[in-house]
Amino acid sequence: MIPALILLLILLIGLIGVYYRFFLRRLFRAFSLPEEAKGVRIAHCVLTLVLTGCSLMIFSTFGLMMLHFTVFSAVTDLLVYLFRRIRRKPAPKRPSRILACGLAPLVLVAGVLSYGWWNMYHIVETTYQIPTDKTLSQPYRAVLIADLHYGNGITGEALAEQCDRISAREPDFVLLGGDIVDENTTLEGMQEACALLGSIRSRYGIYYVSGNHDRNAYRNDPAYTSRELYGTLTDHGITVLEDESVVLNGDITLMGRADPGFSAQYGRASVQELLEKAHADPDTFWLVADHQPMELAKSAALGVDLTVSGHTHGGQVFPIGLCDRLVHFNEMNYGCRERDGMYTVVTSGICGWGFPIRTEARSEYVWLEIGGA
């Protein structure tokens, strides 16, 4: 797997480098720069390396912009080439210069990323009906919030407004599906996020499962420890379910799984072990909260009624989600499905990671209507 990824990366670098060599040669010709001059040749090589390197800085906002520019520019050039082949006429000089400067793809990038910024901050509500054959004393309304990555997108008053909005609908319980914070969240930000989420009013409580970013393990100088995070969550009335379970109103057995990203270090119980540990009553509704949508077939075979997850962000930046749906990086990318008697819900998350841009899927929190009509 790793050699294949390395080979793919080398191929990608080569293709981008070849494209920028063509792009810059066309640019220099459009403005009548002497290609054979030593200074022009050096500038050509240096700029090719710089532009190729910038296009590969995919974990920064600038790199994301450059990668979009590279793709849009290459597609634009391909379409112009095909158009000229069909018409069999040389292009006028002024449009050629505009094309050479990359103005068209720049406009496209500005439009797409502006939409991505708006889409990141425009949070919507998504509702799924989860029917069940189990006899419940009442229908339940739960809300699932995941992938906040506090500090990257909505913070402070914007998050407080969403929490008030949720409280106004009187959820029976709240599920925090992991990656509420990440390695870029400050200690103060972590504390603020816990306080705001802990302010949501519900009948049967707020429950948290860890995500792969929550432990703040992707940097050498973490702003807070896992113990500090869990302590702060608890201080604000949020129950941490780390391979633990709880029974809600005698109707719902809620099991929270530890994130698999740290199973080698901290361990991770199987669903079978959680059921045995909880002495789960088969007459109750079995709900598993797991940050990453994994081992779904195993859960269904054990009789789990519903699993909820986040992690995928629905792709966040196109075409990651499309690729996920095609090659299945995750067992499920987004949405709600029923298979073998078990419902699975994967949310795209209330925000996103890395940069405040979402060009794929929506920022959302999910209402789960369990039982009832």
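Just so you know, the residues in each chain are numbered from 1, in the order the chain's sequence is written. Only residues with pLDDT of at least 70 are given local features in this predicted model, and only at 80 or more are side-chain atom pairs given and counted; all residues enter the totals for whole chains, interfaces and linings. Note that water and hydrogens are dropped before the side-chain values are worked out from all heavy atoms of the structure.

Draft legend 1. Summary view of the overall build of the chain. What counts as a helix is a DSSP run of H or I of at least four residues, what counts as a strand is a run of E of at least two, and both are numbered from the N terminus. Within the chain one finds twelve helices and twelve strands. Here the C-alpha coordinates of the chain stretch approximately 80 × 45 × 45 Å along the principal axes. Throughout this description, buried means an accessible area under 20% of the type-specific maximum (1.4 Å probe, protein chains only), exposed means over 50%, and partly exposed covers the range between. Counting over 373 residues, the chain shows a buried share of 48%. Contacts between residues were defined by any pair of non-hydrogen atoms, one from each residue, lying within 4.5 Å. Within the chain, residue pairs in contact and separated by at least 24 positions form 75% of the contacts whose partners lie at least 6 positions apart. Note that accessible areas follow from Shrake-Rupley with a 1.4 Å probe, and for residues the cover is restricted to the protein chains shown. As displayed, the chain has an accessible area near 18,600 Å², and 62% of this comes from carbon and sulfur atoms. Working convention for charge: Lys and Arg count positive, Asp and Glu count negative, and His plus the chain ends are omitted. One atom stands in for each charge, and that atom is NZ of Lys, CZ of Arg, CG of Asp or CD of Glu. Computed over 32 positive and 39 negative side-chain charges, the inter-centroid distance for the chain is 21 Å.

Draft legend 2. Summary view of the packing of aromatic side chains. Stacked, tilted and edge-to-face are the three classes applied to pairs of Phe, Tyr and Trp rings, where Trp contributes its six-membered ring and a pair requires centres within 6.5 Å; stacked means planes under 30 degrees apart, edge-to-face means over 60, and tilted covers the rest. Summed over the entire model, instances satisfying the criterion amount to seven aromatic pairs. Between Tyr19 and Phe22, the aromatic rings sit 6.1 Å apart at their centres with planes inclined by 50°, giving tilted as the arrangement. You can see Tyr19 and its partner Phe22 sitting in helix 1 (residues 2–30), three residues apart, about one turn around the helix. Judged by its relative accessible area of 12%, Tyr19 is buried. Taking 6.1 Å as the distance between ring centres and 50° as the angle between the ring planes, the aromatic pair formed by Tyr140 and Tyr204 counts as tilted.

Draft legend 3. Local environment of the sheet that holds strand 8 (residues 285–289). In spatial order, the strands read 6-7-8-9-11-10; together these six strands make up an open sheet with mixed pairing. Whereas interior strands pair on both sides, the edge strands pair on one side only; in this sheet they are strand 6 (244–248) and strand 10 (335–339). Recorded for the sheet is a direction-independent mean angle of 15° between the axes of neighbouring strands. By the convention used here, strands pair only if DSSP detects at least 2 bridges between them. Pairing between strand 7 (residues 252–256) and strand 8: five bridges, direction parallel. Across the sheet, Met255 pairs through a bridge with Val288, a residue of strand 8. Axis lines are fitted to C-alpha atoms, over the contacting stretch for helices. Their N-to-C directions set the angle, which ranges from 0 to 180 degrees.

Draft legend 4. Fine view of helix 10 (residues 271–278). Burial in helix 10 covers these residues: Val271, Leu274 and Leu275. Buried residues of helix 10, seen end-on, are gathered within an arc of 100° and therefore sit on one face of the element. Along its buried surface, helix 10 packs onto strand 6, strand 7, strand 8 and helix 11 (296–301). Looking one or two residues beyond helix 10, the residue adopting positive phi is His279, at roughly 50°. Arc, as used here, means the arc of the directions from the helix axis to the C-beta atoms.

Draft legend 5. Region of interest: helix 3 (residues 61–87). The terminal C-alpha atoms of helix 3 lie 39 Å apart, and with 27 residues this matches the ideal 39 Å at 1.5 Å per residue to within 8%. Those residues of helix 3 not exposed but buried are Gly63, Leu64, Met66, His68, Phe69, Thr70, Ser73, Thr76 and Asp77. Between the first and last residue of a helix there are one fewer steps than residues, each counted as 1.5 Å, and that sum is the expected span.

Draft legend 6. A look at the packing of helix 2 (residues 38–55) against helix 3. At their nearest, the axes of helix 2 and helix 3 sit 7 Å apart, and the two run at 110° to each other. When the interaxial angle is binned, helix 2 and helix 3 end up roughly perpendicular. Where helix 2 abuts helix 3, its residues Leu51, Cys54 and Ser55 lie against Phe62, Gly63, Met66, Leu67 and Thr70. Residues were grouped as follows: Ala, Val, Leu, Ile, Met, Phe, Trp, Tyr, Cys and Pro as nonpolar; Asp, Glu, Lys and Arg as charged; and all remaining residues, including Gly, as polar. Looking at the contact of helix 2 with helix 3 residue by residue, the class counts come to five nonpolar, three polar and no charged. Any angle from 65 to 115 degrees is called roughly perpendicular, while one under 35 is roughly parallel, one over 145 is roughly antiparallel, and all others are oblique.

Draft legend 7. View of the packing of helix 6 (residues 156–168) against helix 7 (residues 187–198). It is the contact of helix 6 with helix 7, at a shortest axis distance of 9 Å, that shows an interaxial angle of 20°. As judged from the angle between their axes, helix 6 and helix 7 are roughly parallel. Every pair of crossing elements has a handedness; the one defined by helix 6 and helix 7 is right-handed. Taking contact as the criterion, the partners of Gly156, Leu159, Ala160 and Cys163 in helix 6 are, on helix 7, Glu192, Leu196 and Leu197. Of the residues in the contact of helix 6 with helix 7, the class split is five nonpolar, one polar and one charged. Definitions for this section: a left-handed crossing has its near helix turned counterclockwise from the far helix by less than a right angle. A right-handed crossing has that turn clockwise.

Draft legend 8. Quick peek at the state of the cysteines. Cysteine sulfur pairs qualify as disulfides if the two atoms are within 2.5 Å. Scanning the entire structure with this criterion turns up zero disulfides. Not engaged in a disulfide, the cysteine Cys194 finds its nearest cysteine sulfur in Cys163; these two sulfurs lie 11 Å apart.

Draft legend 9. The arrangement of the sheet that holds strand 12 (residues 363–370) in detail. Read from one edge to the other, the open sheet built from six strands follows the order 1-12-2-3-4-5, with strand pairing classed as mixed. Each edge of the open sheet is held by one strand with a lone partner, namely strand 1 (123–130) and strand 5 (238–240). The mean inter-strand angle of the sheet, taken between neighbouring strand axes irrespective of direction, is 25°. Here five bridges tie strand 2 (residues 140–145) to strand 12, and the two strands are oriented antiparallel to one another. Bridging across to strand 12, Leu144 finds its partner in Val366. Set on the sheet, helix 6 makes contact with strand 1, strand 2 and strand 12; between it and strand 12 the angle comes to about 15°.

Draft legend 10. A look at the pairing of strand 2. Of all the six residues making up strand 2, five are buried; the element is thus mostly covered by neighbouring parts of the structure. Once you follow strand 2 into helix 6 and on to strand 3 (residues 173–176), the crossover reads as right-handed. With its strands directed away from the observer, a crossover is right-handed exactly when the path from the first strand over the helix to the second travels clockwise.

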